[in-house]
Amino acid sequence: MLAVTDAAAEAINALKDAEGQPDTSGLRFDVDSENEEGAALSVALCSEPDQEDQVVGSEAGARVFLSPGAVDYLRDKVLDVQPDEDGEMAFALLEQQT
């Protein structure tokens, strides 16, 4: 199952606070499109999970919602926060270390 780092949990909570979202809110991953190499995923802040979503929680109280299609692509991933090309912090999906 998707793991969430402390840094990612803090970023999710900060995003929720900045947007004035309720405690039930979280970051939701869904599949936009699929191809032979994998899938293009969308991510959005949502006030609550869809009925069929799997919910991943963290010790910091952050929640991540995974659509049924996204579960297969994210089951062996870690959600983290890392700097992008411009030095801005962005969510990143990394391989889990075994």
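Heads up: the structure comes first, above all this text.
Owing to the predicted nature of the structure, the values given are computational and were not obtained by experimental measurement. (Residues numbered from 1 in each chain as written. Predicted model: local features only at pLDDT ≥ 70, side-chain atom pairs only at ≥ 80, totals over all residues. Heavy atoms only, no water.)

Caption draft 1: Here's a closer look at the overall build of the protein chain. Scanning the protein chain for helices and strands turns up two helices and seven strands. When the helices and strands of the protein chain are placed in sequence order, the string is β-α-β-β-β-β-α-β-β. Against the compact-globule benchmark of 13 Å for 98 residues, the protein chain has a radius of gyration of 13 Å, which places it among compact chains. By residue count, 31% of the 98 residues in the protein chain fall in the buried class. Look at the contacts in the protein chain between residues 6 or more apart in sequence, and 51% of them connect residues 24 or more apart. If you sum the accessible surface of the protein chain, you get close to 6100 Å²; carbon and sulfur atoms cover 43% of it. Computed over 5 positive and 23 negative side-chain charges, the inter-centroid distance for the protein chain is 7 Å. (Helix = DSSP H or I, 4+ residues; strand = E, 2+ residues; numbered from the N terminus. Rg over C-alpha atoms; globule rule 2.2 N^0.38 Å. Buried < 20%, exposed > 50% of the residue type's maximum accessible area, 1.4 Å probe, protein only. Contact = heavy atoms within 4.5 Å. Areas by Shrake-Rupley, 256 points an atom, 1.4 Å probe, with all protein chains shown as cover. Lys, Arg positive; Asp, Glu negative; His and termini not counted. Charge placed at Lys NZ, Arg CZ, Asp CG, Glu CD.)

Caption draft 2: Seen up close, the pairing of strand β4 (residues 54-57). Where β4 lies against strand β5 (residues 63-66), four bridges are found, and the strand directions are antiparallel. Within the sheet, the bridge partner assigned to G57 lies in β5 and is R63. (Pairing = 2+ DSSP bridges.)

Caption draft 3: Region of interest: the environment of P22. Position of P22 relative to the elements: it lies in the loop between α1 (6-19) and β2 (26-35). A relative accessible area of 39% places P22 in the partly exposed class. Along the chain, P22 and I12 lie ten residues apart, while their C-alpha atoms are 12 Å from each other. If we skip the residues at most four places from it in the chain, P22 touches K16 and S47.

Caption draft 4: Structural view of the pattern of salt bridges. Per the counting criterion, the structure on display carries six salt bridges. Among the ionic pairs, R28 bridges to D50, the shortest N-O distance being 3.0 Å. A residue pair is termed long-range when its members are at least 10 positions apart, and R28 in strand β2 and D50 in the loop between β3 (38-46) and β4 qualify at 22 residues. Since its relative accessible area comes to 43%, D50 is described here as partly exposed. The shortest N-O distance in the salt bridge between D72 and R75 comes to 2.6 Å. Overall, R75 belongs to the partly exposed group, its relative accessible area being 41%. (Salt bridge = Lys/Arg side-chain N within 4 Å of Asp/Glu carboxyl O.)

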